[in-house]
Amino acid sequence: MNSKRRTVVLEIMLIISIGNYSRIIDQVTIRTVEFLSIFVIGALTSLLIREVTIIIKRK
């Protein structure tokens, strides 16, 4: 998979995970599902930043 296609897939997955997190009802305590959603959003964001920096370095 080339870098541009991988970036697009990561962008789509990040948008889906943020949309899924926004559907969760906000409460005072953080449940396990909310924690995992926040963790996945952070992981996808870091992967996306890494891919963008690789694309920029190649240019």
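In what follows, the structure referred to is the one given above.
Okay, so let's go over this structure. (Residues numbered from 1 in each chain as written. Predicted model: local features only at pLDDT ≥ 70, side-chain atom pairs only at ≥ 80, totals over all residues. Heavy atoms only, no water.)

Moving on, we get to the environment of Leu48. Relative to the helices and strands, Leu48 resides in helix H2 (residues 32-58). Spatially, the C-alpha atoms of Leu48 and Arg31 are 26 Å apart, while their sequence positions differ by 17 residues. Residues in contact with Leu48, not counting those within four places in the same chain, are Thr7, Leu10, Glu11 and Leu14. (Helix = DSSP H or I, 4+ residues; strand = E, 2+ residues; numbered from the N terminus. Contact = heavy atoms within 4.5 Å.)

Looking now at the nonpolar core. If you look at the biggest cluster of nonpolar residues, it comprises 5 residues: Leu10, Leu14, Ile41, Leu44 and Leu48. Of all the elements in the fold, those that place two or more residues in this core are helix H1 (3-23) and H2. Per element, the largest residue contribution to this core is 3 residues, and it comes from H2. In contact with Leu44, other than residues within four places in its own chain, are Leu10, Met13, Leu14 and Ser17. (Core = buried A, V, L, I, M, F, W, Y, C linked by side-chain atoms within 4.5 Å. Buried < 20%, exposed > 50% of the residue type's maximum accessible area, 1.4 Å probe, protein only.)

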